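Understanding the architecture of this molecule
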Protein chains: 2
Amino acid sequence: MAVTFREVKADILLKITQGVWPPGDLIPNEVDLAESYGCARATVNRAVQELADDGIVERRRKAGTRVRMAPVRQARFNIPIVRQEIEDRGAVYRYTLVNRELRTAPDWLGKQLKIPPEGRVLHLACVHYADATPFQFEDRWINLDVLPEASEADFTNTGPNEWLVATIPFSDVEISFLATQADTALAQHLGCTARDALFQTERITWWQGRAITYVRLTYQPGHKMTTRY
Amino acid sequence: MAVTFREVKADILLKITQGVWPPGDLIPNEVDLAESYGCARATVNRAVQELADDGIVERRRKAGTRVRMAPVRQARFNIPIVRQEIEDRGAVYRYTLVNRELRTAPDWLGKQLKIPPEGRVLHLACVHYADATPFQFEDRWINLDVLPEASEADFTNTGPNEWLVATIPFSDVEISFLATQADTALAQHLGCTARDALFQTERITWWQGRAITYVRLTYQPGHKMTTRY
DNA sequence: CAGTGGTCTAGACCACTGA
DNA sequence: CAGTGGTCTAGACCACTGT
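Since this is a predicted model, take the numbers as computed values, not measurements.

Here we come to the protein's contact with DNA strand C. Around DNA strand C, 25 residues are found, and the nearest of them are A:Arg41, B:Thr4, B:Phe5, B:Arg6 and B:Thr43. Within 4 Å of the protein, atoms of DNA strand C come from sugar and phosphate in 70% of cases. Between DNA strand C and the protein, one listed contact pairs a base oxygen with a backbone N or O atom of A:Lys62 at 3.3 Å. At 3.0 Å from a base nitrogen of DNA strand C is found a side-chain nitrogen or oxygen belonging to B:Arg41. At the level of secondary structure, the elements contributing two or more residues to the surface near DNA strand C comprise α3 (41-53) and β3 (64-67) of chain A together with α1 (5-17) and α3 (41-53) of chain B. Looking at the surface near DNA strand C element by element, the count peaks at four residues for α3(B).

With that out of the way, let us pick up the pattern of salt bridges. Residue and element names in this part refer to chain A. Under the definition given, this model contains 26 salt bridges over all chains. Between Arg-41 and Glu-30 there is a salt bridge whose closest N-O contact spans 2.6 Å. Of this pair, Arg-41 sits in helix α3 while Glu-30 sits in helix α2 (residues 30-37); the two residues are 11 residues apart in sequence, bridging distant segments of the chain. Note on Arg-41: relative accessible area 49%, which makes it partly exposed. A relative accessible area of 11% means that Glu-30 is categorised as buried. Linked by salt bridges that have partners in common, Lys-9, Arg-46, Glu-50 and Asp-54 make up one network.

Residue and element names in this part refer to chain A. Counted residue by residue, strand β10 (residues 210-219) has eight buried out of 10 residues, so it is predominantly covered. Sheet analysis places strand β7 (residues 133-143) next to β10, joined by seven bridges and oriented antiparallel. By the bridge assignment for β10, Asp-139 is matched with Arg-216. Bridging between strand β9 (residues 197-207) and β10 involves eight bridges; their strand directions are antiparallel. Residue pairing across strands places Ile-204 opposite Tyr-214, the latter belonging to β10. Between the antiparallel neighbours β9 and β10 lie two residues, among them Gln-208 with a positive phi of about 50°.

Right, let's talk about helix α6 (residues 160-167) of chain B for a bit. Residue and element names in this part refer to chain B. Taken as a whole, α6 has its buried residues at Pro-160, Asn-161, Trp-163 and Leu-164. An end-on view of α6 places all buried positions within 165° of arc, on one side of the element. Where α6 is buried, its residues contact β5 (93-104), β6 (120-130), β7 (133-143), β9 (197-207) and β10 (210-219).

Domain boundaries in chain A define domain 1 (5-67) and domain 2 (82-219). A separation of 44 Å is found between the C-alpha centroids of domain 1 of chain A and domain 2 of chain A.

What follows deals with the packing of α1(B) against α3(B). Residues and elements named next belong to chain B. It is the contact of α1 with α3, at a shortest axis distance of 8 Å, that shows an interaxial angle of 50°. Taken together, the axis directions place α1 and α3 in an arrangement best described as oblique. For the pair α1 and α3, the sense of crossing is right-handed. Counted together, Phe-5, Val-8, Lys-9, Ile-12 and Leu-13 of α1 and Thr-43, Val-44, Arg-46, Ala-47, Val-48, Glu-50 and Leu-51 of α3 form the full contact between these two elements. Class assignment of the residues belonging to the contact of α1 with α3 gives a composition of eight nonpolar, one polar and three charged.

The strand order across the open sheet formed by seven strands is β11(A)-β8(B)-β9(B)-β10(B)-β7(B)-β6(B)-β5(B), and the pairing between neighbours is antiparallel. At either margin of the open sheet sits one strand with a lone partner, and together these are β11 (224-228) of chain A together with β5 of chain B. Going across the sheet, the axis of each strand differs from the next one's by a mean of 15°, ignoring polarity. Sheet strands touched by α6(B): β5, β6, β7, β9 and β10 of chain B. Its angle to β7(B), the strand with the most contacts, is close to 45°.

Now for the relation of the copies chain B and chain A. Mapping chain B onto chain A calls for a screw motion: a turn of 179° about the axis and a shift of 0.2 Å along it, with 0.7 Å RMSD after fitting. On the angle and the small slide along the axis, the relation comes out as a two-fold axis. For chain B, the smallest separation between a C-alpha atom and the rotation axis is recorded for B:Arg76, amounting to 1.9 Å. A share of 98% of interface residues in chain B that are also interface residues in chain A marks the association as one of identical surfaces.

Thresholds applied
Residues numbered from 1 in each chain as written. Chains lettered and ligands numbered in written order. Predicted model: local features only at pLDDT ≥ 70, side-chain atom pairs only at ≥ 80, totals over all residues. Heavy atoms only, no water. Near = heavy atom within 4 Å. Polar contact = N/O pair within 3.5 Å; in protein donor to acceptor, adjacent residues only side chain to side chain. Helix = DSSP H or I, 4+ residues; strand = E, 2+ residues; numbered from the N terminus. Salt bridge = Lys/Arg side-chain N within 4 Å of Asp/Glu carboxyl O. Buried < 20%, exposed > 50% of the residue type's maximum accessible area, 1.4 Å probe, protein only. Pairing = 2+ DSSP bridges. Arc of directions from axis to C-beta. Contact = heavy atoms within 4.5 Å. Domains from an automatic or database assignment. Axes fitted to C-alpha atoms, helices over the stretch in contact; angles between N-to-C directions. Parallel < 35°, antiparallel > 145°, perpendicular 65-115°, else oblique. Left-handed = near helix turned anticlockwise from the far one by under 90°. Nonpolar A, V, L, I, M, F, W, Y, C, P; charged D, E, K, R; others polar. Least-squares fit on C-alpha atoms with pLDDT ≥ 70 in both.

Here it is in structure tokens:
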């Protein structure tokens, strides 16, 4: 094994960061690169492929490979399970179920999840604590047309998230991040002041084309979600 | 070309989602899979490799490939350039520089960027408009120890982001998402009410181990950042 | 139509690590 | 130490898409 694709990737990246191949520039084609590195084209291909995945370069057949004008445009966030997030901070995780109701889907939910009118849903409200402090409020809706078992499940000790993760093997997710103002209910659950600015994530989870669940997670004031790329 | 790696990947994923290979299970090794799909091992390798990248399975030499108990939760967000974000919405982009000052780094900034005391920085405040409405407020600090050219640059017509992108070829970034309450200055710049909940991102950009810039981007009320995974 | 990336193959050797 | 994934090679054909 002469030259690894990692070495090739690193060297190309170096040439880009050092301005040998500035943004917007065309870099040599795979055959030429392979020759200059003394390796097979497949090795170069993998290296450049990864650079494309990373958003560093842009590739088009016949047109060649170009260094992107705006190099990095993507960040990867880990979406933690609440329990883990709390335990990672060295705190004790505690969970309480605040409310549970079986009902028909409200209009706004029906539209988002494409539930027919009169579709039954399970609505849960929970608080996740880090030690004694409220850490996150969970407002969860589960589509009973798709997951009727949910109405039998006992959520007094286990959070719906962990139950769902164990029940659904794999899924498509649409996730949003936003800011919201605490209303009185939220303020009470999170032990903060009404009108506080709160970080919130919304998630819709699909399985085999059908919406399973909608959840809105609201964090305690001051929460920050961080990553590097 | 008999079987593509996409087909293999899709079929394996199907077997996982349909419970043929439930979470925690060991799936067949690459040689067996290649035989059963009637393709080369490299094809299977690429398929399973991607499933591992996607967090669906976990691979270890000798131990084999295992379906993850809880599929890893990762979301990829596009980090848009403001101009593009606005133009993608079909609005006209407009930019104004609100303030510009040369000064020594305040303590909190010095700590975050590891700037020595008395280090010089350029502090900029800008508003990015979508049509006539304020879309985003940019609070930007540039480390002049690393980028002295910034003090010469003219930011009256071009935003610092675009200037930086054109100047720095590639970089490491630490990014955070959070919620903040509008103070009077923010409210004025964004045309909203004080105490509104605003979505905010913070970014620190590093190049070759040195901090170049810190920026805090505050969005208009109601802004939502969305992705699928 | 011709140049470039996209992918597959068949075979090989290596690197890690569980039994 | 033996089984599994990790990677490279040399060659081939295909699929796009600019010119």
